[in-house]
Amino acid sequence: MSLRLLSRAARPSTSRIALRPFSTTFRRSDVLSDLDKQINPREIIEQKKKLMEEKYAQKLKERAEQEGVQGFEELKQKIIQPKLDAEKAARDAKDAEREQARLAATEKVEDPVSERVQAERKKKEAKSQGQKDRTGVKPLADIINLPLIHLTPHDTKAISQIWNAFHTSHPTLSNAFLSASLPSETYTSMLNVAKENPFFVLPLPRLSAAPVENADQPEIKTDEYEMFYLQWLFHPTPTAGSPASADANPKALPFTTSIIFTPLEEFKRSGEWAQPYLVLTHYPELSQTHDVVLMRGEISPASAGGPDGSLLNPGFLLSQQQAQLLALALQRFYCTDIALPGESEQMMVERASRKEALRGFRERPEEWDWAGLVEKSYGGLV
């Protein structure tokens, strides 16, 4: 037998072998279909759908009536559409900003001189703002035109008149502010005393609760007083608006000072967070050029939920008269190193007693004698 015949004889015939399918797609599909019918029968799905519609149908109907639409589709369109419109408007605005920025970048013409001028201006503005932010005091250059004061001839009297007229004739400032001016020498003396005695207390006469007989408004009481705690704060004086000095080593300006007046009882309760009733600020920017220091007093406005406002000055915590009394009493105690012209021996003794009161409050507050404080503060004034 030849090898070719042997090979054919050994090869099995394929006609007798049963063919088996290689894919189980049809059988697996049937199984999944049966399983789906068992897990989620059509009847159960329809029942759940009906229950959901019944549950929210009334709410959707009420909302549709509120919105003035007929059906759920219109309701959905009315609620969603404004949001879509807003998102589109935001995208359009952002695209417009990008386009403007691109045009500005391509069309910008560099001007070195202009850029330097703008940079210097921004630097000065930032410096001025920084000084204001650090001290909490509005610089004098933001209140009056200091360069104009220096460029045109103004004497001390003219500056004082301008300063007082600005505060007393202003329609919105007259009720909220005090104003005064004092010689530089007087301020320097007060400053020295204040550095040694930055805290003190002053009595303030109360107002009558209602107009007294034969008077149109409440009056100052001379038998009832409220104690006020005062605190001095010292700030570096800004030089913005001041002319350049010709001296190689110019003398520094005195400190700008703020004196905060707070009712003593409120200060005991809240400490530094207590509401101040009055803040006096001294501006020494013109002390070296015009020998004058300007004083500004700001009366705190009354607020809802805060202390009651003044009967004589509605909307503010103190009346003008009360604020002036506190300012005068402050000068009486902090000008004790200055002898008045023609001062009598009795006046000198009284001035010395006020200075001793400051020292006693500073050194021995627990032993400090309150007796005579009213007379020391307002003797001859009220």
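About the thresholds
Residues numbered from 1 in each chain as written. Predicted model: local features only at pLDDT ≥ 70, side-chain atom pairs only at ≥ 80, totals over all residues. Heavy atoms only, no water. Helix = DSSP H or I, 4+ residues; strand = E, 2+ residues; numbered from the N terminus. Buried < 20%, exposed > 50% of the residue type's maximum accessible area, 1.4 Å probe, protein only. Contact = heavy atoms within 4.5 Å. Salt bridge = Lys/Arg side-chain N within 4 Å of Asp/Glu carboxyl O.

Let's shift gears to the overall build of the chain. The helix and strand inventory of the chain stands at 12 helices and 6 strands. Of all 382 residues assigned to the chain, the portion counted as buried reaches 29%. The long-range share in the chain, meaning contacts at least 24 apart out of those at least 6 apart in sequence, stands at 62%.

Here we take up the pattern of salt bridges. Applying the stated criterion to the full structure yields 9 salt bridges. Lysine 268 is the partner of glutamate 265 in a salt bridge, and the nearest nitrogen-oxygen pair spans 3.8 Å. With glutamate 265 and lysine 268 both in helix H9 (residues 264-270) and 3 residues apart, the pair spans about one turn of that helix. Among the residues examined, glutamate 265 registers a relative accessible area of 48% and is labelled partly exposed. One salt bridge connects glutamate 356 with arginine 359, and the closest N-O pair in it is separated by 2.5 Å. Note that glutamate 356 and arginine 359 are positioned in helix H11 (residues 345-363) at a spacing of 3 residues, about one turn of the helix. Among the residues examined, glutamate 356 registers a relative accessible area of 36% and is labelled partly exposed.

A positive phi is found at aspartate 291, a non-glycine position, where the angle reads about 55°. Judged by relative accessible area, aspartate 291 falls into the partly exposed class, the value being 44%.

Worth remembering: the numbers are spatial, not functional.
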